[in-house]
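Secondary and tertiary structure notes
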Amino acid sequence: MTQNIMDAARINLVSVSPTEASATMPVEGNTQPFGVLHGGATALLLETVGSYAAHAHAQLSGCVAVGTELSVSHLRSVRKGTVHAFAQAQHTGKSSAVYVITVRDDTERIIATGRLTCRILEAPAQS
């Protein structure tokens, strides 16, 4: 059985809509060698939560969403617990969608912020 990256990072989607989405991810198992949350894992969480919201938006018109740009600002380190990501739509148009994402720790401190831009494309033909 093939495991996808969300399963490997243990990302749990909490809610998804075209305008917002939220998810959680444990710090344990997603750290770099020095014991803090890996920046790549944080970026994975940001892109995942934003992409799910963008996909929900795209599906409204029978389309799909693909990520085209991700920026992440790492603001604070975290060594334990769970991180919580929340994506909020800044733009949901016919050809693109943009989400601002905030990641917080269990005490509500902001760990990272990011911005995801997705292109809205026609869904591929089913064969």
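Residues numbered from 1 in each chain as written. Predicted model: local features only at pLDDT ≥ 70, side-chain atom pairs only at ≥ 80, totals over all residues. Heavy atoms only, no water.

Let's talk about the overall build of the protein chain
- Regarding its fold elements, the protein chain presents two helices and six strands.
- Element order for the protein chain, N to C, with α for helix and β for strand: α-β-β-α-β-β-β-β.
- A compact globule built from 127 residues should have a C-alpha radius of gyration of about 14 Å, and the protein chain, at 15 Å, falls within 12% of that.
- Counting only residues that meet the buried cut, the protein chain has 38% of its 127 residues in that class. (Helix = DSSP H or I, 4+ residues; strand = E, 2+ residues; numbered from the N terminus. Rg over C-alpha atoms; globule rule 2.2 N^0.38 Å. Buried < 20%, exposed > 50% of the residue type's maximum accessible area, 1.4 Å probe, protein only.)

Concerning the pattern of salt bridges
- The tally for this structure, following the rule as stated, stands at one salt bridge.
- Between R109 and D105 there is a salt bridge, with the nearest N and O atoms lying 2.7 Å from each other.
- Looking at D105, the relative accessible area reads 5%, which means it is buried. (Salt bridge = Lys/Arg side-chain N within 4 Å of Asp/Glu carboxyl O.)

Points about the environment of I120
- On the secondary structure map, I120 appears in strand β6 (residues 110-122).
- Sequence separation between I120 and S61 is 59 residues; the distance between their C-alpha atoms is 9.5 Å.
- Setting aside residues no more than four positions away along its own chain, I120 makes contact with A54, H57, A58, C63, V64, A65, G93, K94, S95, S96 and A97. (Contact = heavy atoms within 4.5 Å.)

Let's talk about the nonpolar core
- Core analysis: the biggest nonpolar cluster contains 31 residues, and I11, M25, L45, V83, Y99, I101 and V103 have the highest contact counts within it.
- Going through the elements one at a time, α1 (5-9), β2 (20-26), α2 (39-59), β4 (82-92), β5 (96-104) and β6 are the ones with two or more residues in this core.
- The contacts of L45, once residues within four sequence positions are left out, are I11, A23, T24, M25, V83, A85 and V103. (Core = buried A, V, L, I, M, F, W, Y, C linked by side-chain atoms within 4.5 Å.)

Concerning the UniProt feature "domain: Thioesterase" (unreviewed entry) in the protein chain
- When the UniProt feature table is mapped onto this chain, "domain: Thioesterase" (unreviewed entry) is found at residues 34-110.
- Between the C-alpha atoms that bound residues 34-110 there is a distance of 20 Å. The span itself is 27% helix and 43% strand. (UniProt positions renumbered as here; feature names shortened; annotations may be inferred.)

A word on the state of the cysteines
- One pass over the structure, following the stated rule, counts zero disulfides.
- With no disulfide of its own, C63 lies 13 Å from the sulfur of C118, the closest cysteine sulfur.
- Residue classification places C63 among the buried residues on the basis of a relative accessible area of 16%.
- Looking at C118, the relative accessible area reads 1%, which means it is buried. (Disulfide = S-S within 2.5 Å.)

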